[in-house]
There are 4 protein chains.
Amino acid sequence: MEIKSSLVLESGESNFILLVMIKNKFFLGLVLACTMTASSFAHDVITRYRSVVNVPDIAGYVTLKCDFHIHTVFSDGKVWPTVRSEEAWREGLDAIAITEHIEYQPHKTDMIKNHNRSYELASGTGDDLNLMVVHGSEITRDMPPGHLNAIFLTNSTSLETPKWQDAVTAAHDQGAFVFWNHPGWDRQLSNGVVAWYSEHTELVNQGKLNGIEVVNARDYYPEAHRWAIEKKLTMFSNSDIHEPIGHDYHTRQGDHRPLTLVFAKERSQAAIKEALFARRTVVYSANRLIGDEQFLRPIFEKSIKFDRLSVTVKGKKAVLVQISNSSDIDYELDLANAPESCDAPQKMVLLGGKTVLLELKCGAKAKNSVVAGALKYRVTNLLIGPDEALVATLPIQVNVTLAAE
Amino acid sequence: MEIKSSLVLESGESNFILLVMIKNKFFLGLVLACTMTASSFAHDVITRYRSVVNVPDIAGYVTLKCDFHIHTVFSDGKVWPTVRSEEAWREGLDAIAITEHIEYQPHKTDMIKNHNRSYELASGTGDDLNLMVVHGSEITRDMPPGHLNAIFLTNSTSLETPKWQDAVTAAHDQGAFVFWNHPGWDRQLSNGVVAWYSEHTELVNQGKLNGIEVVNARDYYPEAHRWAIEKKLTMFSNSDIHEPIGHDYHTRQGDHRPLTLVFAKERSQAAIKEALFARRTVVYSANRLIGDEQFLRPIFEKSIKFDRLSVTVKGKKAVLVQISNSSDIDYELDLANAPESCDAPQKMVLLGGKTVLLELKCGAKAKNSVVAGALKYRVTNLLIGPDEALVATLPIQVNVTLAAE
Amino acid sequence: MEIKSSLVLESGESNFILLVMIKNKFFLGLVLACTMTASSFAHDVITRYRSVVNVPDIAGYVTLKCDFHIHTVFSDGKVWPTVRSEEAWREGLDAIAITEHIEYQPHKTDMIKNHNRSYELASGTGDDLNLMVVHGSEITRDMPPGHLNAIFLTNSTSLETPKWQDAVTAAHDQGAFVFWNHPGWDRQLSNGVVAWYSEHTELVNQGKLNGIEVVNARDYYPEAHRWAIEKKLTMFSNSDIHEPIGHDYHTRQGDHRPLTLVFAKERSQAAIKEALFARRTVVYSANRLIGDEQFLRPIFEKSIKFDRLSVTVKGKKAVLVQISNSSDIDYELDLANAPESCDAPQKMVLLGGKTVLLELKCGAKAKNSVVAGALKYRVTNLLIGPDEALVATLPIQVNVTLAAE
Amino acid sequence: MEIKSSLVLESGESNFILLVMIKNKFFLGLVLACTMTASSFAHDVITRYRSVVNVPDIAGYVTLKCDFHIHTVFSDGKVWPTVRSEEAWREGLDAIAITEHIEYQPHKTDMIKNHNRSYELASGTGDDLNLMVVHGSEITRDMPPGHLNAIFLTNSTSLETPKWQDAVTAAHDQGAFVFWNHPGWDRQLSNGVVAWYSEHTELVNQGKLNGIEVVNARDYYPEAHRWAIEKKLTMFSNSDIHEPIGHDYHTRQGDHRPLTLVFAKERSQAAIKEALFARRTVVYSANRLIGDEQFLRPIFEKSIKFDRLSVTVKGKKAVLVQISNSSDIDYELDLANAPESCDAPQKMVLLGGKTVLLELKCGAKAKNSVVAGALKYRVTNLLIGPDEALVATLPIQVNVTLAAE
């Protein structure tokens, strides 16, 4: 019997009565005296629902939450393709790409090879759930060029070809977007070092390599981050998941899979493709955002809200400004500048979904003054470069008054 | 790339340093000044571990936690067989049976049929993890006889045969234990009613039907419970899982899959088989135990501990007895009898893993007395029959003293 | 030493380094080699933050979350008054009333009596945290009239007077709002029954009794609910908290104190007072809302969002409509009406903060049709009367197409 | 009305029925048709229970969980003394000391001074709950000597005296145990440095200073740790709590207050006093244990269990050894030594209450061998000195077999 997982509590009168029994057997007699029949416990635990990933949209774009590197039993993964759509729907994603290995087929003893089949099955479930499933494949070679994902394919079969150059060209000819997977994978290092090869340069020059994974699973590659900036490649953060998602993520609250945030003109596959070629992505890995300042700054600014924009500090009494953060990201702040003769916290964490207090105090040497733009924090988990945090100026005007006390 | 899920943090000095960076980017510069190289974030979230199912052993037996009804992609399930062993290990199970449908093969377009293959793959992982994997199959027919699981098979292939009687006999000839799955499944009801057929009687008489699912997934079948008692069938509580376990269970803390508790002479497949034929099982579904009083009573008694066994109640002052429960089950108690002229709580819940307070008060009419065995509670979530809760006598002697106050 | 609880991580370089040590002692040597000084672990756990209570505003009003019945050590409570403001701020409340017993002062051996002092202390902290603290007192008498809270007082001292009538008049003369506390309290029942006395009638007629607790702590009083409707009294849901709030609430996720939702023209004490006299409140207790349909209907409608408002059901294939609920309330739905020949779930729970699926199927007898307004659910946890749930019509147009497939 | 917080569900038939209504309003009609009366919702959330702190006993001693530094409204704390006993009981503590400031009485406007009163009130509740409450006071002076706790007092009044020397002597004369509080408190540093004064030397020499806080609240003082070792002072880890405990701890799962583990001959105040003078304590702060190797080693060893003590590694195939940890502490392991030519994880975390996998692999150069005692790990969160972790030898014999495969 396959029990369809569902929030629908199928129930007639009889199920009802036993719902009561679950909680309290004593009650049963009382009820049965009135109703007489009862055949099964009702399903009273709701297990199927979609959560929200709270990262704000930015001006002109919707912020789509995507994962473009996913495996199933059709290559070396461990779940049926429909599971990938269900998992992603539950987690609040907008789009996934199914990217089976072309060359690596460890289940070939048990499965009938079909490079397109996994996408077909996953996209059927995706359609039911209003989740976008992108058709992809992973060209899986030794270094160079290593593993390359081609997404927005029309037919994966033509990628099975002896020379990797032909496979990339086949993908390119289908209009695919191609990116380099896990460039820092330890099994493909060059003398222990993450290396960029001339083959990669050539692919970039030909327009056949368009992006790079800056994060794969729980690994961050600073070199890939640097290359993405220098060589104008689109940054990705993907799960490369093989097991059921719950085996690798979600075992603790807040532990989400790595996501590629895509700033798209609308919620459609065409808009995602356009955004990827236009390099409008941000890496969202653990509690970090990594990407261009033009995206990180508005995400931060749209996430937080102050209970007032002008604050009067009188004498030595501390004043508490309330800062609310509507996103899921805990912004980690480190003081870069405070108004003269005033104290602000050296460190603060603006907890996701919560309001925290910013305590301001101005000391003995403070003068009557009105200061705006002097309170600055580095947001240490928003990286605009491998070594560079976003610096945010808090929009609070501080009025210092030397009140007698 | 397949990232092996592992608790092992592979790390040299360089990973170390970036662990710091995860928390605090500012710190990075400081550290790098000293160490210079750094290539990736360390994996600092531990996702692979086994939990404990706390149900005590009882005299003479180990209490094994088992699930004897499980599907994978090799019939209509959605995960690769190895996943089933990994899931069960993580959840603290001792044994599972892999029970693919013989007749129902919806993935046949994509998979090469092999009725034994699923067991082979799952038991490989089981061996690595010290989890027992039992070889089973599901004979999947219309009613009668409905769906039957045969476990402890040696070869599933011989169960593929036109007549269900032949399939059951083939299993029986292999020494298999056969039980009736989800007898209350709504698609196999007889005019809306759960029905026992003459075919079932015949199988029982021939010794070819040995058990019955009293619980399947989240459904409890009181009729099956009654039949198990009357016809001396072994009771089962199985998940019949098709999806990754996390899609149907564990979305809330404490939400475990249904388990068949087996009281075995040792932790081995042979001992499980012996215990099943000897009818030494208990159903553990949600927060309920269902089974014979000879098993439920010692489980309850071995779970709870009192901070004292004799309590003196003086005058009107309430006395608090502390009751600790080392099991995972929240025992739900309903007062059946209190010592004369004394008040005890009408209801109590002995929370799993916690200590709660039993407040005793003896009123104006109480006499100086010493009373033992008078404090009785029905444990409403321990069912020894479809309508009958276990009644437990608390081992507390109450000494009533009419102290002046 | 009093450690001020604070999110501010006070830290120089040295604390920094030891933050690392917390996680990983091995690292310490490495770092110390570079930095040399280190004196204490940094505080790396954030404990002080405000959560949000997600209940939407309704047209013309802000929805304020309030608790108008609270005790401290200044009567029979167990915490200092400032704690009440801190607790309420953390929980996301907008306003609290401090309501010490006038007549019941069990701590008088240890405390110097001052009926206004508790309010003074709590409102100091309230001002710092931008939480409104209302000045109240509890007139504490036998039945009739039982316990009455007077809020928006100017001076509590004048309420200490032998006759309860004089106390109520003193409150009324200060412009106070007076409501009846826990009318169903078991120690004040009349022959085991909740009773309305002629004294209450008189107070209502004089305009001196303006509201009633429909919920006190975890108790709901259907009679009080009925009286509130019949006698046009304002409904309240208050905690009547004596212990630290964490002893009675929050021991499980989602377990909030009872709240009186006030629909106010602005966020001010004056606006709250106006709203109370105008009877614009709703009871929010556990997962239930209780109140007038004019408030419950827009709260429900503003909480939920559909992924589409028109759905086409073709042949027998089920269609999944996604329903998102941005409030904290899990709306419990029970089917009242489905479009002809179509199936909709008998029960659904629209989980707070989540999206769930509404599965629609239209059967063999369905005709080509366009149906709007036919899908109706009782929202069984939104009570517009003691026995009456809100009935909601889902704004989905169902287009049935008997397409061949 | 004071609602006694209790797990006891007071309920008659009528409460019963409305319990059902909470879950399901539809059901109400059905039930009421049979039963007719119903007055209030039952209390169905259990909030009062005691948790367990899982740290094993060691040979010859019970491991008592204690906090010897606690404030209430009787000095500068924020809760009534009875709350302190209730909090500690719920958290699984065995003993607390109430230690009000003698000299610092900020609530004196509102409270009647009585240095013994706080202990009296707290110990009353302690007696009801079988929690030991120790009579203490905090001698609160500038540095030197700073703040000193005297515990096991008989009368705190005699400690109110102008000279701090006289206060210490008064405590000493009552047989009290005296320890130095938060020696690294930033407001009492000497030129920014934690300093030991000649006054402290003199007190130690006179036997009047017996212990030192190595941890206060969330602060660890390495200097105090060093002094405790050098000067043979008993180590303490105390909360110094002023607010309700839930404001500073427990806002995340597993976030416990700092505890002083006392290895006592029995569970009594006399045994605790004996153990303190005999220096049998360990600091338990966050996820760290700090103390003498003679205590840390058996705690670690009694916490963990292996699924086998001898393991055979054949060829290159990895073998998984299962390690279970029955304590609450996540032991953080760092490889110190592996058997020759074999690989063991560089890092492991033995999660509290869980089982994890130790993967062993022996490489090409390994020879047939039997090796015991070669697998060693530093347990980096068990500190036997400020810079020194416990080194543990895992009791696993590794049999290496160069099997052909």
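Residues numbered from 1 in each chain as written. Chains lettered and ligands numbered in written order. Predicted model: local features only at pLDDT ≥ 70, side-chain atom pairs only at ≥ 80, totals over all residues. Heavy atoms only, no water.

Least-squares fitting of chain A to chain C yields an RMSD of 0.0 Å, with the transformation described by 0.0 Å of translation along the axis and a rotation of 180°. What we have between these two chains is a two-fold relation. The fraction of interface residues of chain A whose copies in chain C are also interface residues reaches 100%, indicating that both copies meet through the same surface. (Least-squares fit on C-alpha atoms with pLDDT ≥ 70 in both. Contact = heavy atoms within 4.5 Å.)

What follows deals with the state of the cysteines. Residue and element names in this part refer to chain A. A complete count under the given rule lists 4 disulfides over all chains for this structure. The disulfide bridge from Cys342 ends at Cys362, spanning 2.0 Å between sulfur atoms. Where Cys342 bonds to Cys362 through sulfur, the torsion about that S-S bond is close to 100°, and the disulfide is right-handed. Here Cys342 is found in strand 16 (residues 342-343), whereas its partner Cys362 is found in strand 18 (residues 355-362), with 20 residues between them in sequence. (Disulfide = S-S within 2.5 Å. Helix = DSSP H or I, 4+ residues; strand = E, 2+ residues; numbered from the N terminus.)

Residue and element names in this part refer to chain B. Among the 5 residues of strand 4 (residues 147-151), 5 are classified as buried, and the element is accordingly described as predominantly covered. Because side chains alternate across strand 4, one face comprises the buried residues His147, Asn149 and Ile151, and the other comprises Leu148 and Ala150, equally buried. Summarising the sheet, strand 3 (residues 132-140) and strand 4 pair through 5 bridges and their orientation is antiparallel. Paired with Ile139 across the two strands is Leu148, which belongs to strand 4. Pairing of strand 4 with strand 5 (residues 177-180) involves 4 bridges; the strand directions are antiparallel. Opposite Leu148, over in strand 5, you have Trp180 as the bridge partner. (Buried < 20%, exposed > 50% of the residue type's maximum accessible area, 1.4 Å probe, protein only. Pairing = 2+ DSSP bridges.)

Attention shifts here to the confidence of the model for chain A. Low-pLDDT portions of the prediction should not be read for the details of their coordinates. All names here are of chain A. The predicted model of chain A averages 89 in pLDDT, with 88% of residues at 70 or higher. Note that pLDDT drops below 50 for residues 1-43; the model gives that stretch 122 contacts with residues more than four away or on any other chain. Our summary of model confidence lists the complex with pTM equal to 0.91 and ipTM equal to 0.89. (pLDDT = per-residue confidence, 0-100.)

The full count for this structure, using the stated rule, is 44 aromatic pairs over all chains. Both rings, one in Trp180(B) and one in Trp227(B), keep their centres 5.7 Å apart while their planes meet at 5°; by these two values the pair is stacked. With a gap of 47 residues between them, Trp180(B) in strand 5 and Trp227(B) in helix 7 (residues 222-230) connect regions that are remote in the sequence. Through successive ring pairs, a cluster of aromatic residues spans Phe68(A), Phe177(A), Phe179(A), Phe236(A) and Phe277(A). Over the aromatic face of Trp89(D) sits the side chain of Arg48(D), whose NZ or CZ is 5.9 Å from the ring centroid. (Phe/Tyr/Trp six-rings, centres within 6.5 Å; stacked < 30°, edge-to-face > 60°. Lys NZ or Arg CZ within 6 Å of the ring centre and 35° of its normal.)

Residues and elements named next belong to chain C. Looking at where Asn149 falls in the secondary structure, it is placed in strand 4 (residues 147-151). Polar contacts involving the side chain of Asn149 include one to the side chain of Asn181, which spans 3.0 Å. Once residues within four sequence positions are removed from consideration, Asn149 is found in contact with Phe68, His69, Thr99, Ser137, Glu138, Phe177, Val178, Phe179 and Asn181. (Polar contact = N/O pair within 3.5 Å; in protein donor to acceptor, adjacent residues only side chain to side chain.)

Once that is clear, we can look at the sheet that holds strand 22 (residues 397-401) of chain A. Residue and element names in this part refer to chain A. If you trace the 3 strands from one edge of the open sheet to the other, you get 13-22-19, paired in mixed fashion. The open sheet has two free edges, formed respectively by strand 13 (310-314) and strand 19 (369-372), since each of these has just one partner strand. The average angle at which neighbouring strand axes cross in this sheet is 20°, direction not considered. Bridge count between strand 13 and strand 22: 5 bridges; the pairing is parallel. By the bridge assignment for strand 22, Val313 is matched with Val400. (Axes fitted to C-alpha atoms, helices over the stretch in contact; angles between N-to-C directions.)

Tallying the contact residues gives 31 residues for chain A and 31 residues for chain C. Summed over both sides, the interface of chain A with chain C buries roughly 3,000 Å², with 63% coming from carbon and sulfur. Linking chain A with chain C are 2 salt bridges. Its salt-bridge partner being Asp128(C), residue Lys317(A) comes within 3.3 Å of it at the nearest N-O pair. (Buried area = accessible area lost by both parts, 1.4 Å probe. Salt bridge = Lys/Arg side-chain N within 4 Å of Asp/Glu carboxyl O.)

Here the focus is the sheet that holds strand 19 (residues 369-372) of chain B. Residue and element names in this part refer to chain B. Taken together, 3 strands build an open sheet; the order of strands is 13-22-19 and the sheet is mixed. Lying at the two open borders of the sheet, with one neighbouring strand each, are strand 13 (310-314) and strand 19. Strand-to-strand twist across the sheet, computed as the mean angle between neighbouring axes with direction ignored, equals 20°.

All names here are of chain C. Along the chain, Arg226 turns up in helix 7 (residues 222-230). When its relative accessible area of 35% is taken as the criterion, Arg226 is described as partly exposed. In this structure, the C-alpha to C-alpha distance between Arg226 and Asp387, residues 161 residues apart in sequence, is 9.7 Å. Contacts of Arg226, omitting those with residues within four sequence positions, involve Pro386 and Asp387.

A separate point is the pairing of strand 3 (residues 132-140) of chain C. Residue and element names in this part refer to chain C. Most of strand 3 sits out of view: 9 of its 9 residues are buried. Neither face of strand 3 is open: one carries Met132, Val134, Gly136, Glu138 and Thr140, the other Val133, His135, Ser137 and Ile139, and all of them are buried. The sheet contact formed by strand 2 (residues 95-101) and strand 3 spans 7 bridges and is parallel. Paired with Ala97 across the two strands is Val134, which belongs to strand 3.

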